Structure formats: C-alpha cells, structure tokens
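So you can see what is in the structure, the chains are spelled out below.
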Amino acid sequence: MNDSSSARPAAVLDVWCELQCPDCGSALADLRALRARYGDRLELRLRHFPLEKHKHAFAAAQAAEEAAEQGQAWPYVEAVLGRVAELDRKGEPFLVEVARELGLDAEEFDTALIDGRHILIVDADQAEGKAIGVTGTPTYVIGGERLDGGKSQEGLRERIEEIADRLLTEQEA
C-alpha cells in the first residue's frame, strides 16, 4: 500500500506489518513521528505480513487495501492498529465498523472481504516478505537494510532516521 501522492520520494520505508499485531500498534508513534519529520521525502509503504496466530489478520490486510482504494489508507490502518483488542474480540465486523466510522463505503468493504479482490496483493506482500527474511512484525526495510521490530522498538526510529538522512543527502548530492 502506497502513501505517496506526488513526486518520487528520495527514500522509501517498507513497513512489514499486520493489523492484529500489538507490536505494530506500539510502532504507530514512531511511524507518525517519521511522517511528521520527513513528509513527502520519505515514502512509507505498508506491506502486509499477516501472521497465522492472528485469525483476523488476513482479512484486516484486505480491508486496509480497500481503504487505500477509497483514499484513506493510513487513517484506516491507524484506527485499526489503535484498537487491536477490539479486532481480536469482534473480528471482521469490526473492520467494516471502522470503515463506517471513517466515512468510507462500508458496504464496499463488506463486499471486498467477501469477494477477496485484494487477496493477491496481500499474498504478494507476504511472499516477498518471506523471500527477504521477514519472520515477524513490525519489520522495516529502508535503503536495503532490514530492521526487525517485533522484539523491541528500542532505537529503531533513530536507526531509520540515520538511514533516511543518508539516503536524502545522497539524493541531493
């Protein structure tokens, strides 16, 4: 899922995430800080990596893609990640509920979850993640470097900023 709208960014941060993962919810503050610091110069791309241990994660990834189709990718992702416990309890109806709360076409969400129109995107992300060694979430890839955040977010934002600053400096040179 792409959050960039205009000119090509100088740096890209792939965020391998799953929307039922408490650790991904904890990483939201870092992602917000990175978006605030870099704006359009750093493209944040949500990459789906649903884990088998979370039974609603695959549906949540599909719902995030539907939110992207409707132009509300990150607001939707942040709303779901901020309420992981509700997703655990309520399952797929919660995904449609969040869409409705954000003013999205909830009926279209429901249809998308039924017809599976976004399954190939989710499958492709997951396969690519496995190919590059992603085993848990969140995992970040920037400048060819993989940073695993599943065990601890400690120091990851600073490391991402170091790499982003280097990439941006190289781009400007």
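Here the structure is shown first, and the text comes after it.
Residues numbered from 1 in each chain as written. Predicted model: local features only at pLDDT ≥ 70, side-chain atom pairs only at ≥ 80, totals over all residues. Heavy atoms only, no water.

## What about the overall build of the chain?
Part 1 of the argument: Check the secondary structure of the chain and you find 9 helices and 4 strands.
Part 2 of the argument: When the helices and strands of the chain are read in sequence order from the N terminus, they spell out β-α-α-β-α-α-α-α-α-α-β-β-α.
Part 3 of the argument: Its C-alpha atoms give the chain a radius of gyration of 16 Å, within 12% of the compact-globule value 16 Å for 173 residues.
Part 4 of the argument: Counting only C-alpha atoms and orienting by the principal axes, one finds that the chain spans roughly 50 × 35 × 25 Å.
Part 5 of the argument: Taking all 173 residues of the chain together, 49% fall into the buried category.
Part 6 of the argument: Intrachain contacts of the chain at a sequence separation of at least 6 include 70% that bridge at least 24 residues.
Part 7 of the argument: Only carbon and sulfur atoms are counted for the fraction: they give 47% of the accessible area of the chain, which is about 8,500 Å².
Part 8 of the argument: For the chain, the distance from the average position of its 20 positive side-chain charges to the average position of its 34 negative side-chain charges is 3 Å. (Helix = DSSP H or I, 4+ residues; strand = E, 2+ residues; numbered from the N terminus. Rg over C-alpha atoms; globule rule 2.2 N^0.38 Å. Buried < 20%, exposed > 50% of the residue type's maximum accessible area, 1.4 Å probe, protein only. Contact = heavy atoms within 4.5 Å. Areas by Shrake-Rupley, 256 points an atom, 1.4 Å probe, with all protein chains shown as cover. Lys, Arg positive; Asp, Glu negative; His and termini not counted. Charge placed at Lys NZ, Arg CZ, Asp CG, Glu CD.)

## Here we look at the environment of D105
Part 1 of the argument: Here D105 is to be found in the loop between α6 (92-101) and α7 (106-115).
Part 2 of the argument: Between the alpha carbons of D105 and Q70 there is a distance of 7.9 Å; along the sequence they are 35 residues apart.
Part 3 of the argument: A polar atom in the side chain of D105 sits 3.2 Å from the backbone nitrogen of E107.
Part 4 of the argument: Of note is the side chain of D105, whose polar atom sits 3.1 Å from the backbone nitrogen of E108. (Polar contact = N/O pair within 3.5 Å; in protein donor to acceptor, adjacent residues only side chain to side chain.)

## Focus: the sheet that holds strand β2 (residues 42-48)
Part 1 of the argument: Strand order in the open sheet formed by 4 strands is β2-β1-β3-β4, and the pairing between neighbours is mixed. Only two strands of the sheet have a single partner each, and these edge strands are β2 and β4 (145-148). Across the sheet, the mean angle from the axis of one strand to that of its neighbour is 20 degrees, orientation sign disregarded.
Part 2 of the argument: Relative to strand β3 (residues 139-142), strand β1 (residues 11-17) is paired through 4 bridges, and the arrangement is antiparallel. (Pairing = 2+ DSSP bridges. Axes fitted to C-alpha atoms, helices over the stretch in contact; angles between N-to-C directions.)

## Points about the packing of helix α3 (residues 57-69) against helix α8 (residues 119-131)
Part 1 of the argument: It is the contact of α3 with α8, at a shortest axis distance of 9 Å, that shows an interaxial angle of 115 degrees. One way to sum up the angle between α3 and α8 is to call them roughly perpendicular. Along this stretch, α3 crosses α8, giving a crossing that reads as right-handed. Counting all contacts with α3, which are made through F58, A61, Q62 and E65, the residues of α8 involved are I119, I121, V122 and D123.
Part 2 of the argument: Residues that form the contact of α3 with α8 fall into these classes: 5 nonpolar, 1 polar and 2 charged. (Parallel < 35°, antiparallel > 145°, perpendicular 65-115°, else oblique. Left-handed = near helix turned anticlockwise from the far one by under 90°. Nonpolar A, V, L, I, M, F, W, Y, C, P; charged D, E, K, R; others polar.)

## Description of a negative patch on the surface
Part 1 of the argument: A cluster of acidic side chains, namely E92, D105, E107 and D110, defines a negative patch on the protein surface.
Part 2 of the argument: Residue placement: E92 occurs in helix α6. (Patch = residues over 30% accessible without salt bridge, like charges linked within 9 Å, V, L, I, M, F, W, Y side chains within 5 Å. Salt bridge = Lys/Arg side-chain N within 4 Å of Asp/Glu carboxyl O.)

## What about the packing of α3 against helix α4 (residues 73-81)?
Part 1 of the argument: Where α3 meets α4, the closest approach of the two axes is 7 Å, and the angle between their N-to-C directions is 145 degrees. The segment α3 lies against α4, with A63, A64, A67 and A68 engaging A73, Y76 and V77.
Part 2 of the argument: Its residues assigned to classes, the contact of α3 with α4 shows 7 nonpolar, no polar and no charged.

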